[in-house]
Structures are given as C-alpha cells and as structure tokens.
Amino acid sequence: MWDWHIYIGYVLVGLFSIRFILPAFGHMKIQNPLSKDLTAKMKVQKWTYLIFYISVIVSLTTGLIIELGPKDLKKSMEDIHVLSIYYLLAFITIHLAGVLLAEFSDQKGIISRIVSGSKKEE
Ligand code: HEM
C-alpha cells in the first residue's frame, strides 16, 4: 500500500537534489533567516522554510536508508522516518494559514496568482 509513496519519495530525492545544486549556479539561493535587513514576518517565513527543508532531507535520507541501507540500521531509521507525518501536517497547516492571512491582509489576489500563475494583478 505504501509503494506509491516510495516511488514519489525517489522522485522527490531527484527534485530536492536539483533544488540544492541550483544555488551553485547562482539560481534559487537558499535564503538566510539571520539576515539583518529582514522584517520579523520575513524571518518567521524563512525559518519555517529552512526547518521544512531540513525535515524533508531527514525524511528522504532515512527513507533511502530503510530501502537501500544496511539491515541493522533499518529499525532505528524507521523510528525516525515515521515521525515525518508530524512536520508534514504542521507545515501544510502553517502554509495554508499563511496564504489565507496574506490573501486577506497585504497580498490580495495571492491565491488567484498561485492558481493562474500570473505575476501581476489585472
Ligand atoms: C518527504 C519525504 C517522505 C515523507 C514525508 C515520508 C513519510 C512517511 C511516513 C509518515 C511513513 C509512516 C507510514 C506508517 O504509518 O507506517 C513512512 C513510511 C515509510 N517510508 Fe516514507 N516518507 C518520505 C520519503 C520516503 C523515501 C524517499 C523512501 C524510500 C526511498 C521512503 C520509504 C518508506 C518506507 C519503506 C516506509 C515504511 C516504514 C515502516 O515500515 O515503518 N519514504 N514514510
């Protein structure tokens, strides 16, 4: 039943690898939440993404070790891996709440821009 999630996991390993190679070529730099010229709100956003990225890397690494790694690590990796569900649900909740907050405060139309992909409000 969980086979589909393992295949998606492998695809995610590929996409995440590309995500972390791109900054080496000057694209999509990882943003620093400690940077001084950020507002408190931007710092919270950047910390949330950083923690999420680290959590996904832990899920992917432990998932790969369960599947491909040595048998004696399997049990301990599984114990860590199954915790993934907690950050995943937390991140989805925070993300949706953030988008709704933005829509109804200073970034009206953000939901429609996410759906339609347009850059400017018309
Ligand atoms: C962001 C990526 C991932 C997330 C959020 C995630 C999440 C989860 C969760 C919540 C479970 C527990 C299911 C249960 O209740 O039994 C699980 C199980 C499992 N995952 Fe992942 N997973 C990810 C990536 C991967 C990858 C890349 C692999 C392997 C290539 C993998 C292999 C497995 C295996 C083998 C199990 C079963 C472990 C067991 O029997 O306890 N996962 N995963």
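Going by the structure above, here's the rest.
What this report covers is the structure whose coordinates are included nearby. What you see is a predicted model; the values in this text were computed from it and never measured.

### Things to note about the coordination of the iron atom of the ligand
Stage number 1. For the iron atom of the ligand, the full set of protein donor atoms is His-5 (NE2) and His-81 (NE2), at a range of 1.9 to 2.0 Å.
Stage number 2. For the iron atom of the ligand, the 6 donor atoms are set out with angles of 82 to 180° between them, so the coordination reads as octahedral. Taken together, the positions of His-5 in helix α1 (residues 3-21) and His-81 in helix α3 (residues 71-81) put the pair 76 residues apart, joining distant regions of the chain.
Stage number 3. Accessibility expressed as a relative area gives 29% for His-5, which makes it partly exposed.

### Here we look at the pattern of salt bridges
Stage number 1. Considering all chains together, one arrives at 3 salt bridges under this definition.
Stage number 2. For the salt bridge of Lys-41 with Asp-106, the shortest nitrogen-to-oxygen distance reads 3.3 Å. Taken as a pair, Lys-41 in helix α2 (residues 40-68) and Asp-106 in the loop between α4 (84-103) and α5 (110-116) lie far apart in primary sequence, 65 residues in all.
Stage number 3. The class for Lys-41 is partly exposed, based on a relative accessible area of 44%.

### Topic: the side chain of Arg-19
Stage number 1. By the secondary structure assignment, Arg-19 is in helix α1.
Stage number 2. It turns out Arg-19 is buried and unbridged, and the closest side chain with the opposite charge, Asp-37, is 17 Å from it.
Stage number 3. Looking at Arg-19, its side chain comes within polar contact range of the side chain of Tyr-53, at 3.2 Å.
Stage number 4. Those residues in contact with Arg-19 that lie beyond four places of it in its chain are Met-28, Lys-29, Ile-30 and Tyr-53.

How each quantity is defined
Residues numbered from 1 in each chain as written. Predicted model: local features only at pLDDT ≥ 70, side-chain atom pairs only at ≥ 80, totals over all residues. Heavy atoms only, no water. Donors = N, O, S within 2.8 Å, 3.2 Å for Na, K, Ca; no water. Tetrahedral: all angles 85-135°; square planar, octahedral: opposite > 155°, others 65-115°. Helix = DSSP H or I, 4+ residues; strand = E, 2+ residues; numbered from the N terminus. Buried < 20%, exposed > 50% of the residue type's maximum accessible area, 1.4 Å probe, protein only. Salt bridge = Lys/Arg side-chain N within 4 Å of Asp/Glu carboxyl O. Lys, Arg positive; Asp, Glu negative; His and termini not counted. Polar contact = N/O pair within 3.5 Å; in protein donor to acceptor, adjacent residues only side chain to side chain. Contact = heavy atoms within 4.5 Å.

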